[in-house]
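Listed here are the chains, written in short residue letters.
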Amino acid sequence: MSQIVNIVSGGRLGDQSFFQEKIAGMENCLIICCDGGARHVQYSGIKPDVIIGDMDSIDPALLVGYSTSGIKIIKHPANKDFTDTELALDYASGLKPEAIFIWGALGGRIDHTLSNVFLLCRGQEKGIRTCLIDEYGEAFVLEKEISFVNETGKTVSLIALSPEVNGVTLAGFLYPLKEETLIMGGSRGISNIINEDRASISVKHGKLLVIKYWQKDIFPEAL
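Residues numbered from 1 in each chain as written. Predicted model: local features only at pLDDT ≥ 70, side-chain atom pairs only at ≥ 80, totals over all residues. Heavy atoms only, no water.

(A) Inspection of a nonpolar patch on the surface at higher detail. Together, I110, L114, F118 and M184 line one region of the surface with nonpolar side chains, adding up to about 410 Å² of accessible area. Mapped onto the elements of the fold, I110 is located in helix α5 (residues 110-125). By relative accessible area, which is 63% here, I110 ends up exposed. (Patch = residues over 30% accessible without salt bridge, like charges linked within 9 Å, V, L, I, M, F, W, Y side chains within 5 Å. Areas by Shrake-Rupley, 256 points an atom, 1.4 Å probe, with all protein chains shown as cover. Salt bridge = Lys/Arg side-chain N within 4 Å of Asp/Glu carboxyl O. Helix = DSSP H or I, 4+ residues; strand = E, 2+ residues; numbered from the N terminus. Buried < 20%, exposed > 50% of the residue type's maximum accessible area, 1.4 Å probe, protein only.)

(B) Here's a closer look at the pairing of strand β2 (residues 29-34). Most of β2 sits inside the fold, with six of its six residues counted as buried. Here β2 shows two buried faces, one formed by C29, I31 and C33 and the other by L30, I32 and C34. As judged from the five bridges shared by strand β1 (residues 4-8) and β2, these two strands associate in the parallel manner. Across the sheet, the residue bridging to I7 is I32, located in β2. On the question of chirality, the crossover connecting β1 to the parallel β2 by way of helix α1 (residues 16-24) is right-handed. (Pairing = 2+ DSSP bridges. Right-handed = clockwise from strand over helix to strand, strands pointing away.)

(C) Representation of the packing of aromatic side chains in the model. Counting across every chain of the model gives five aromatic pairs. Aromatic pair F18 and W214: ring centres 6.3 Å apart, planes at 40 degrees, arrangement tilted. Of the two residues, F18 is situated in helix α1 and W214 in the segment after β14 (208-213); the sequence distance between them amounts to 196 residues. This pair shows no difference in class: F18 is buried, exactly as W214 is. Between F19 and W103 the ring centres are 4.9 Å apart and the planes differ by 80 degrees, which places this aromatic pair in the edge-to-face class. (Phe/Tyr/Trp six-rings, centres within 6.5 Å; stacked < 30°, edge-to-face > 60°.)

(D) Local environment of the nonpolar core. Counting 44 residues, the largest nonpolar core has L158, V168, I201 and L208 as its most contacted members. For I201, the contacting residues outside a window of four places in its chain are L142, K144, E145, I146, F148, V156, L158, T169, L170, F173, L208 and V210. In terms of nonpolar packing, the next biggest core, distinct from the first, is built from 26 residues, V5, L30, I100 and L132 among them. (Core = buried A, V, L, I, M, F, W, Y, C linked by side-chain atoms within 4.5 Å. Contact = heavy atoms within 4.5 Å.)

(E) Representation of the environment of E164 in the model. The topology assignment puts E164 in strand β10 (residues 164-171). Taking the C-alpha atoms as reference points, E164 and G186, 22 residues apart in sequence, are found 9.9 Å from one another. E164 has contacts with T181, L182, I183, H205 and G206, leaving out every residue within four places of it along the chain. A distance of 3.3 Å separates a polar atom in the side chain of E164 from a polar atom in the side chain of N166. (Polar contact = N/O pair within 3.5 Å; in protein donor to acceptor, adjacent residues only side chain to side chain.)

(F) Spatial organisation of the sheet that holds β10. The strand order β8-β13-β10-β11 describes an open sheet built from four strands, whose pairing is antiparallel. Unpaired on one side and paired on the other, β8 (145-149) and β11 (177-183) mark the two borders of the sheet. Here the strands of the sheet are splayed against their neighbours by 20 degrees on average, with no regard to which way each runs. Sheet analysis places β10 next to strand β13 (residues 198-202), joined by three bridges and oriented antiparallel. From the neighbouring strand, A171 faces β13, where its bridge partner is S200. (Axes fitted to C-alpha atoms, helices over the stretch in contact; angles between N-to-C directions.)

(G) Representation of the packing of helix α4 (residues 84-94) against α5. For the pair α4 and α5, interaxial distance at closest approach is 10 Å and the crossing angle is 15 degrees. In this view, α4 runs roughly parallel relative to α5, as classed from their interaxial angle. Regarding α4 and α5, the two cross each other, and that crossing is right-handed. Residues T85, E86, L89 and D90 of α4 pack against N116, L119 and R122 of α5. (Parallel < 35°, antiparallel > 145°, perpendicular 65-115°, else oblique. Left-handed = near helix turned anticlockwise from the far one by under 90°.)

(H) Summary view of the pairing of β10. Two elements, β10 and β11, share four bridges in a ladder whose sense is antiparallel. Counterpart to E164 in the pairing with β11 is I183. Connecting β10 to the antiparallel partner β11 that follows it, the hairpin turn spans five residues, and G172 within it adopts a positive phi of roughly 85 degrees.

The following block contains the structure:
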């Protein structure tokens, strides 16, 4: 059984070299493509293990080639109630991996981006570490607590995905919090900065989205 599942959605993938490097560094991982996401792995020279979706965005010849090479194809009707990414996440969750990384799920259509952000709650509820990831950073819903070591200067933003997130405590940040409440629609948690060698975030109740950028002062809009 794969310990890590990578879901490749059909949105903006970004830096192909970053994607290839991350995948190459993951042992015992499974690659699931959401329909048109198959083009991303094709360009990267990575072979998918599963392709799932209504197959409206993948080149038919590419699909035939993958099918004849023994790759698992799970086709859903076009008039379905769920996005291909949600179908892929449900399939991946059923494999009970330790972690799920979702690529190509940010940028482009804001409706798809927001839907993918809220899908993180599904993984968190099942106790599976689930992240949206690209070359700029990662986004995940905090289970209870997380620590950061030697990441001084990096930007971290917090957004409430439930009406309230209670008992939010930040240590080692430029703007610390102690047992505070963040509310949905508020911007209080945006653009905090890790300013100590060891930092941590913890919550007591609610769904807290954590967005951490890989590099100091490197953001999509800055390039």
